[in-house]
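# Summary of the model geometry
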Amino acid sequence: MSVSQTKPLLKSLRGETQATPPFWLMRQAGRYLPEYRATREQAGSFLDLCYSPELAEEVTLQPLRRYGMDAAILFADILLIPHALGQPLSYREGEGPVLDPVRSAAGLAKFDLGRIHDTLAPVYETVSRLSSSIPKDCTLIGFAGAPWTVASYMVEGRGSKDYTHIKRWIFKDPEGFAALIDILVASTTDYLLRQVEAGAEVIQIFDTWAGVLPDDEFRKWSIEPTRRIVDGLRARYPALPVIGFPRGVGANIIDYVKETGVTAVSLDTGTPLAWAAREVQSLVPVQGNLDPLLLVEGGAAMERRIAEIIATFGDKPFIFNLGHGITPQTPPENVARLAELIRGK
Ligand code: 1CP
C-alpha cells in the first residue's frame, strides 16, 4: 500500500473510522507561536510572507514541529484572490485586512482574470516545496475562500459586523452581484487546480460568513458557487477530497452537504454535537468543533469538551479540529495538551 493511502487524514476522508482521530487546527500557523512572529517580522508585510515560498513554507511547518498535526495547511490567505485580480489590499496591525471596496457591477471591469497566476505563482511554489518537506504521514491541505466570503471583504472593504453593503447589493442588483460571483468561481477554481497540480492532496473551502445570508438566499450565493467550484475541481481530479466550512448556517448545512458535493464538512462551534452526529455525520465525515476560546482557557473545561466531542463523533469517520480559527492569545501549552488528549497520551 502506498503511503498516501495510509495517511490518517485521507483515511477519515475516505470514510474510515479510526481509533485515534486525525487532527489539525484551522489557522494552526499564526501569531500564538513566537516562531511565527519572528518569521513574520523577517518577511516585512503579511503579503510579503504569503508571497515568499521559503518563509511561507517555514511558517506552515512550525506548528507541525511542535504538535505533529496530521495535516499541514498551506500558509496563504483567502484574500490573495482579490489581490491577484487587481484589488488593492493591505493588512493593518490590529485592524485586519483593508481593501478598496467594489460596490457595483461597473466596478468589476478592472478585474483581470487572465493575469492572476502571475501574482499567485509563489503560492504554487510554496505548495510544491511543502509536498516534499512535510512528514510522511502528514496530509497537505490547499485552500481558498468561498466566493460569498471573499466577496464580503471585496464589497465591505474589511471585516464587517453587519454586511450592509453586500446585502443591499444582492437585494438591489442580483444580476450585477452574480457577475462578481462568476469572476470568483472562475478564478478560485483555477487557483485551486494549480494548488492540486503543485501537490495539495485535499482542498478546504472556507465560507466563514455564509451564516450572514438569509435562509432564502443561501442556496444561490453559498451552495451554488461552491458546487460549481467542486464540479470544476472534480472534472480534472475526480477523486479529490474537498472539505467545506459553511460557518453559522444551522440546519442548512444538510442541504449544503447534499448539494455541493463536498467530501466532508467542518462544523462550527455552535453546531449541536448529537444533532450533527445523527443528521450530518450520517451523510459525510465531519470535522470539528472545539470552541477556540476554550483552547485559550484550557484546563478541565477544555478537557471535558474534547472528550465529549470525541465520544460523540469518534465512532464514525471524524477529524478533530476547532469550530473556527485559533486565536492569537492561545497559550501554546494548551495546544500541546490538546494534542496529548487526542492521541490518548
Ligand atoms: O500575521 C498576521 O498578523 C496576520 C494574521 C493572518 C494569518 C495568520 C491573516 C490575516 N491570515 C492568516 C493566514 C490564514 N488565513 C490561513 C493559513 C494559516 C493556517 O490556517 O494555518 C488561512 C487558512 C486563512 C483563512 C482566512 N483568512 C479566513 C477563513 C478562515 C477563518 O478563520 O474564518 C478568513 C475569514 C481570512 C481573512 C483574514 N485574513 C487575516 C485576518 C486577520 C482575517 C480575518 C479578518 C476578519 O476577522 O474579518
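Everything below is about the structure printed above this text.
Note on numbering: residues in each chain are counted from 1, in written sequence order. A pLDDT threshold of at least 70 governs which residues receive local features in this predicted model, and a stricter bar of 80 or more applies before side-chain atom pairs are shown or counted, although totals over entire chains, interfaces and linings include all residues. Side-chain measures were taken over the full set of non-hydrogen atoms in the model, leaving aside hydrogen atoms and water.

## Examining the packing of aromatic side chains
Note the following rule: Two rings belonging to Phe, Tyr or Trp (six-membered ring only in the last case) form a pair when the distance between their centres is within 6.5 Å. Interplanar angles under 30 degrees mark stacking, angles over 60 mark edge-to-face geometry, and anything in between is tilted. Helix and strand labels come from DSSP, where a helix needs a run of H or I of at least four residues and a strand needs a run of E of at least two; each type is numbered from the N terminus. Relative accessibility decides the category of a residue: with a 1.4 Å probe and only protein chains considered, values under 20% of the type maximum give buried, values over 50% give exposed, and everything between is partly exposed.
A complete count under the given rule lists 12 aromatic pairs for this structure. Summarising the aromatic geometry, the rings of phenylalanine 46 and tyrosine 91 are spaced 4.5 Å apart at their centres and angled 65° between planes, so their arrangement reads as edge-to-face. One end of the pair, phenylalanine 46, is in helix H4 (residues 46–50); the other, tyrosine 91, is in strand E2 (residues 89–92), with 45 residues separating them in the sequence. Judged by relative accessible area, which is 12%, phenylalanine 46 ranks as buried. Residue classification places tyrosine 91 among the partly exposed residues on the basis of a relative accessible area of 22%. Taking 5.9 Å as the distance between ring centres and 70° as the angle between the ring planes, the aromatic pair formed by tryptophan 148 and phenylalanine 177 counts as edge-to-face. Of the two residues, tryptophan 148 sits in helix H8 (residues 147–156) while phenylalanine 177 sits in helix H10 (residues 174–198), which places them 29 residues apart along the sequence. Phenylalanine 177 carries the same exposure label as tryptophan 148, and that label is buried. Connected via pairs of aromatic rings, a cluster forms that spans Tyr36, Phe46, Phe75 and Tyr91.

## As for the side chain of aspartate 70
This is how it is decided: Here a residue-residue contact requires only that any non-hydrogen atoms of the pair lie within 4.5 Å.
On the secondary structure map, aspartate 70 appears in the loop between helix H5 (53–67) and strand E1 (71–73). In this view, aspartate 70 contacts Pro8, Leu9, Pro21, Pro22, Phe23, Asp137, Cys138, Thr139 and Arg343; residues no more than four positions away in its chain are not counted.

## Here's the deal with the nonpolar core
The condition is simple: What makes a nonpolar core is a set of buried Ala, Val, Leu, Ile, Met, Phe, Trp, Tyr and Cys residues whose side-chain atoms join them at distances within 4.5 Å.
Leu120 and Phe177 are the most contacted members of the largest nonpolar core, which totals 123 residues. Not counting chain neighbours up to four residues away, the residues in contact with leucine 120 comprise Tyr51, Leu80, Ile81, Ala84 and Tyr191.

## Brief notes about the pairing of strand E4 (residues 139–145)
If a strand is regular, its side chains alternate between the two faces of the sheet. Quick reminder of the rule: Here, strands pair whenever DSSP counts at least two bridges between them.
Counted residue by residue, E4 has seven buried out of seven residues, so it is predominantly covered. With burial as the criterion, each face of E4 is covered, one bearing Thr139, Ile141, Phe143 and Gly145 and the other bearing Leu140, Gly142 and Ala144. When E4 meets strand E5 (residues 202–207), the two strands line up parallel, connected through five bridges. Within E5, the residue paired with alanine 144 across the bridge is isoleucine 205.

On their own, these measurements won't tell you what the molecule is for.
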